[in-house]
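As a plain string of letters, each chain reads:
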Amino acid sequence: MLTNHQPEPSRHIRSLIAKLGLAHDPRSTSWKHNTRRTRVVVIVSEHSSIFREISAILGSLHPLEERVKHLERLCAQCFNGSQLVTGSQGFDPEDYVQLAANHQRGSQLIVPRDQLRELSDGEAPLAQAFIDAYALLMHQREVEHDRNSATLEIHATNQMIMALLGLGKSTTDWQRVTEGILERLFGAAAHVFALDRASETSPVAVWATKVGQTLFLCDLLDHGITIIENGKPLRSVLAAIDRSAGYGMTISTTTIHDFDATTLAILKDCLRIYIAGIAVVKHAQHRQNEDSLASAILSNLDIGVLGVNEDGRIVLANRQAGGLLGHSPSELVGSQSRAVITQFQEYFSLLGSSPTPWLATNALLRKPSGKPQPASVSVRRVETDAGANFRYLITLVDTTRSHLELEEWRWHATHDPLTGLLNRNGLAHELQRLADQPVMVLFLDINRFKTINDLLGHRGGDRVITTVAQRLITGTKPTDIVARVGGDEFVIVGSVSEQFRGLRRVAQRILGSITAQPVEIGDRQLAVSVSVGAALETFHGSIDALLDRADHAMYGAKQEGQNLRIARGDEERFSSDTQLIDPNLFDFLRARDAYQIVAEEAPWIRVADGTVAGIDLSLAWQDPIQETPRDYAIRNHLRDEYNWLLLHHLLRRQAVHGTIGASPLVPNLYFISRIERLCRANYLNPSKLQLVLRSMEFTTDELLDEGREIAARAQRLGINVALRWHSGEGGEVMSLARLRPDQVQIDLGSWTDRTMHAELANGLAAFVSALKTQSAFLHPTGKFLALLKSTRLRELMADALFQP
């Protein structure tokens, strides 16, 4: 697929095309067949401008809602009657049909069933691009909503506390101030009321009191609820009710609003502060002293509060803040003020240069005992005209419980709960400190563990696992990393020097510590044996590459009845070569969950004598499914992962007679650079390797130029270069002429609309013979294969190959 204008082909190329039965139309970029009326399509990227516009929408700085609407309009123009939706919102599956979907984010592109039509080859990826872009914008909307909710929560708490600190002695004033704050924050009508006087407030307050519970509804009419306020029906309501205190709050609008559990939680926090303010007001009505009033305000809050003046001294502190900081309120205001406030100096500096008057974070506060105190810290800059005698208001919330839960979750995420050893995630984390360092790797597997489980039950099996784990801990150094990476598999990784030659001795000592004593299971004593694979490696970021040699050695020892096998150790030079597997490679495997990828071999047969000339190596799912790994990689933009996996299997392939062909997915210059390094390091034998390029992947002149450089660099290494030609169209002829491969592979399976007659066979033969390249045919029919074996064609293509 060539998007740029192609030059008029030379006389030499035109003569070769004529032998194939093709003719060039100078008014177009297509080639027409002389003997048939059908048009041989050279796909022109007619949708490229739409793809660019989709990319522009994603990268635009316009508001998110404008970008979503722009994308929806563009999609409707491309696919008549189509809609972009999330989940099953607002459409009947019996009336609509899905064109494309992003299952990860639950988004769909749908069209009315009566307008459904089959998508062309160009429209299918376009539809997928639309839905992937829409899913990304919906994800950004969720993130923005969460960020706005967090901002709203901080604003609500700070404004309520600030209003509370400046509160007078009237509950009416407090109600009015609170309603004003809520209306500014939520942009909707707010009502604060006592439950026993709801009828004096508003219809929505009466309804919320009757319901008697905290809730949110985004569309009352859909729930069959009609509440008329100021002559208009309400559509969305937030209601927070505290029956024990006897107060409630509502936020209501006459339009549909996206209220959710987060905004409801914010309203509940505001109600809690409002109730505390009511208690303060009632207290203030009996106590005229302003100091007592402030003390009552602060004491009724379960949030720590500090007021800090311009000089950095604490002038206001409540009991809860004292408990979190390990001092009494009087100590915070007095002698300990300077010592405590140093923990917050960084926040003051940030606020001093920031246009935003507040910030919030999670922190570990320091107590005099040295014990850390987890807390959520919010710091607000108070303007000088606010009438307060402090410059900064600090609120502290105890997060000890959530912090401990988080630490427990982190422990379980990195440790095996049965043995307490590291799991695979923990191993990956610990290995970071050994990056680019020489290490010894031991891979251990308990022999006949399934039999132990069958005979002694899972309780007995668990006893064996925990005993082996304890012996591994006692038999290794404190600096060694010990992990359980499977049911009965363990890994030991230890740092060593490059001159280390004691791998066998260390492995035998650890092996002896496990097997020296039997394992006691109830009144039984069970002799346990293990198989160990060991290797000296250098860790470069991939766990799978680090464990690979030791893992294979362990299985080799198990199959041969040995206890220990050294894959690379005392008798070999220590290797610090860069590992050949990319760390992101195995994400490609995990993307298909249980499916594993294997390498398949397809032989190339010589037409002349029927002998095998070499093989083609390709990737396939171990459990066959309709979508090939190559198609899956194209759809999910996993080119590099696919190529690394292909290279991984190529490196592990045993020597075969002839060449091994590998077809990477749209290879780039970085790929051929890696091939060059592998050849120089003698990991690959260039004379045994064939690089198969696909003409249909060179969709632009830029890609074709890059392909020409890749082919030239491969040929300079001695690697055979083949070009797989799918249809024989003009664009592919051009790529064949510019790349100059050593072999042209013609895939006859896609030529379903052509009759395999002698003239076509002769034209192909003359074409490849003129280019002085070896010819190879994929999927030839029996009739075409018979033509290839004819005397005339064997003269033109003496070394022709075919693949059934």
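Numbers given to residues run from 1 along each chain, matching the order in which its sequence is written. Since the coordinates come from a predicted model, pLDDT governs what is reported: local features require at least 70, and pairs of side-chain atoms require 80 or more to be given and counted, while whole-chain, interface and lining totals use all residues. Hydrogens and water are ignored here; the side-chain numbers use all heavy atoms of the structure.

### Details of the packing of helix α2 (residues 48-59) against helix α3 (residues 64-78)
Helix axes are fitted to C-alpha atoms over the stretch in contact, other axes to C-alpha atoms as well, and angles between N-to-C directions run from 0 to 180 degrees. Numbered from the N terminus, helices here are DSSP runs of H or I no shorter than four residues, and strands are runs of E no shorter than two. At a minimum axis separation of 10 Å, α2 and α3 run at an interaxial angle of 165°. Accordingly, the angle class assigned to the pair α2 and α3 is roughly antiparallel. The element α2 and its partner α3 pack so that their crossing is left-handed. Of the residues in α3, those in contact with I50, E53, I54, I57 and L58 of α2 are R67, H70, L71, L74 and C78. Only Asp, Glu, Lys and Arg are considered charged, only Ala, Val, Leu, Ile, Met, Phe, Trp, Tyr, Cys and Pro nonpolar, and every remaining residue, Gly among them, polar. For the contact of α2 with α3, a count of residues per class yields 7 nonpolar, 1 polar and 2 charged. Roughly parallel means an angle under 35 degrees; roughly antiparallel means over 145; roughly perpendicular covers 65 to 115; every other angle is labelled oblique. What makes a crossing left-handed is the near helix being turned counterclockwise from the far one by less than a right angle; a clockwise turn instead makes it right-handed. For this analysis, residues touch if any pair of their heavy atoms sits within 4.5 Å.

### Digging into unusual backbone geometry
What you tend to see is this: most non-glycine residues have negative phi, and most peptide bonds are trans. Positive phi values are uncommon outside glycine, yet N230 reaches one of about 55°. Positive phi, close to 45°, is recorded for V666, a residue that is not glycine. Its place among the elements puts V666 in the loop between β27 (659-662) and α21 (669-680).

### A word on the pairing of strand β12 (residues 247-253)
Within β12, 7 of the 7 residues are buried, which leaves it mostly tucked inside the rest of the structure. Type-normalised accessible area, obtained with a 1.4 Å probe on protein chains alone, sets the label of each residue: buried when under 20%, exposed when over 50%, and partly exposed for intermediate values. A two-sided burial pattern is seen for β12, the buried positions comprising Y247, M249, I251 and T253 on one face and G248, T250 and S252 on the other. DSSP calls a pair of strands paired once it identifies at least 2 bridges connecting them. Summarising the sheet, strand β7 (residues 189-194) and β12 pair through 6 bridges and their orientation is antiparallel. In the sheet register, V192 faces β12, and the bridge partner there is M249. In this structure, strand β11 (residues 236-242) lies alongside β12, joined through 7 bridges in antiparallel fashion. Counted as the bridge partner of L238 is I251 from β12. Joining the antiparallel neighbours β11 and β12 is a turn of 4 residues, in which G246 adopts a positive phi near 85°.

### Things to note about empty space enclosed by the protein
Think of a 1 Å grid over just the protein atoms. A cavity is a set of points where a 1.4 Å probe fits yet cannot get out, a pocket is an open set with protein on both sides within 12 Å along at least five of seven lines, and lining residues have an atom within 4 Å of a point. Grid points are joined across faces, edges and corners, and a volume is the space filled by probe spheres set on the points. A full pass over the atoms with the stated rule returns 3 cavities of 30 Å³ or more. Of the pockets and cavities examined, the largest cavity occupies roughly 90 Å³. What lines the largest cavity is L646, L647, L650, A662, F671, I675, L689, Q690, L691 and I719. If you list the elements that add at least two residues to the lining of the largest cavity, you get α20 (639-652), α21 and β28 (689-694). Here the residues of the lining of the largest cavity are counted per class, giving 9 nonpolar, 1 polar and no charged.

### Re the side chain of D747
Relative to the helices and strands, D747 is located in strand β30 (residues 743-747). In this charge count, Lys and Arg are treated as positive and Asp and Glu as negative; neither His nor the chain ends contribute. Basic side-chain nitrogens of Lys or Arg form a salt bridge, by our definition, when they fall within 4 Å of a carboxyl oxygen of Asp or Glu. The side chain of D747 is buried and forms no salt bridge, while R724, the nearest opposite charge, is found at 6.1 Å. Within the structure, D747 has its side chain in polar contact with the side chain of H779 (distance 3.0 Å). Ignoring anything within four residues of it in the chain, the contact list for D747 reads W725, H726, L778 and H779. Any N or O atom pair separated by 3.5 Å or less is treated as a polar contact, with the protein-specific requirement of one donor-capable and one acceptor-capable atom, and with residues adjacent in sequence counted only for side-chain atom pairs.

### Some details on the pairing of β11
As a general feature of sheets, a regular strand has side chains that alternate between the two faces. Here β11 lies mainly inside the structure; 6 of its 7 residues are buried. Here 3 bridges tie strand β8 (residues 215-217) to β11, and the two strands are oriented antiparallel to one another. Residue pairing in the sheet places F216 in a bridge with L238 of β11.

### Topic: the environment of R606
Relative to the helices and strands, R606 resides in strand β25 (residues 597-606). The exposure class of R606 is partly exposed, given its relative accessible area of 32%. Put simply, R606 and L801 are 195 residues apart on the chain and 4.5 Å apart in space, counted from C-alpha to C-alpha. Filtering out sequence-adjacent residues up to four positions away, R606 remains in contact with T611, V612, A613, A800, L801 and F802.

### Focus on helix α16 (residues 503-515)
Given a rise of 1.5 Å per residue, 13 residues ought to cover 18 Å, and the 18 Å separating the end C-alpha atoms of α16 matches this to within 8%. Among the residues making up α16, those that are buried are L503, V506, A507, I510, L511 and I514. Seen end-on, α16 carries its buried residues on one side only, within an arc spanning 135°. In this analysis, the expected span of each helix is defined as 1.5 Å times one less than the number of residues it contains. What the arc covers is the set of directions going from the helix axis to the C-beta atoms.

### Here we look at the sheet that holds strand β6 (residues 107-112)
As a general point, the strands of a sheet are linked pairwise by backbone hydrogen bonds and lie either parallel or antiparallel. With respect to topology, 3 strands assemble into an open sheet ordered β4-β6-β5, the strand pairing being antiparallel. Since the sheet does not close on itself, it has two edges, and those belong to β4 (83-86) and β5 (96-102), each with one partner. Along the sheet, successive strands turn relative to each other by an average axial angle of 35°, direction set aside. Of the pairings in the sheet, the one linking β4 to β6 comprises 4 bridges and is antiparallel in character. By the bridge assignment, L84 is partnered in β6 with L109.

### Topic: the nonpolar core
Of all hydrophobic cores here, the largest spans 36 residues; its most connected members are L647, L650, I675, L684, L691, L693 and I719. Here this core gets 6 residues from one element, more than from any other, and that element is α20. Membership of the second largest hydrophobic core comes to 33 residues, among which are L185, A190, A194 and F259. We call a set of buried Ala, Val, Leu, Ile, Met, Phe, Trp, Tyr and Cys residues a nonpolar core when their side-chain atoms join them within 4.5 Å.

### Focus on the environment of I514
Following the sequence through the fold, I514 ends up in helix α16. Remark: the alpha-carbon pair of I514 and A527, spanning 13 residues in sequence, is separated by 9.8 Å. Setting aside residues no more than four positions away along its own chain, I514 makes contact with L444, V468, R471, L472 and V530.

### Description of the sheet that holds β8
Taken together, the 4 strands give an open sheet; going across it, the order is β7-β12-β11-β8, and neighbouring strands pair in antiparallel fashion. Each end of this open sheet is capped by a strand with a single partner; those strands are β7 and β8. On average, adjacent strands in this sheet sit at an angle of 10° to one another, irrespective of strand direction.

### Description of a negative patch on the surface
Distance thresholds for patches are 9 Å for like charges and 5 Å for nonpolar side chains (Val, Leu, Ile, Met, Phe, Trp, Tyr), applied to residues having over 30% relative accessible area and no salt bridge. Computed with the Shrake-Rupley method and a 1.4 Å probe, the accessible areas treat only the protein chains shown as cover for residues. Think of each charge as sitting on NZ of Lys, CZ of Arg, CG of Asp or CD of Glu. Side chains of D92, E94, D95 and D114 sit close together on the surface and give a patch of like negative charge. Summarising the element assignment, D114 is placed in the loop between β6 and α4 (123-165).

### Some remarks on helix α6 (residues 203-211)
Among all positions of α6, only V204, A205, W207, A208 and T209 are buried. In this structure, the buried side of α6 is in contact with β7, β8, β9 (228-229), β11 and β12. Just downstream of α6 lies G212, where phi reads positive at about 75°.

### A word on the packing of helix α15 (residues 449-474) against α16
Two elements in contact, α15 and α16, have axes whose closest approach is 9 Å; the angle formed by their N-to-C orientations is 140°. It follows from the interaxial angle that α15 and α16 lie oblique. Here α15 runs over α16; the crossing is right-handed. Within the contact between the two elements, α15 uses V468, R471 and L472 and α16 uses I510, S513 and I514.

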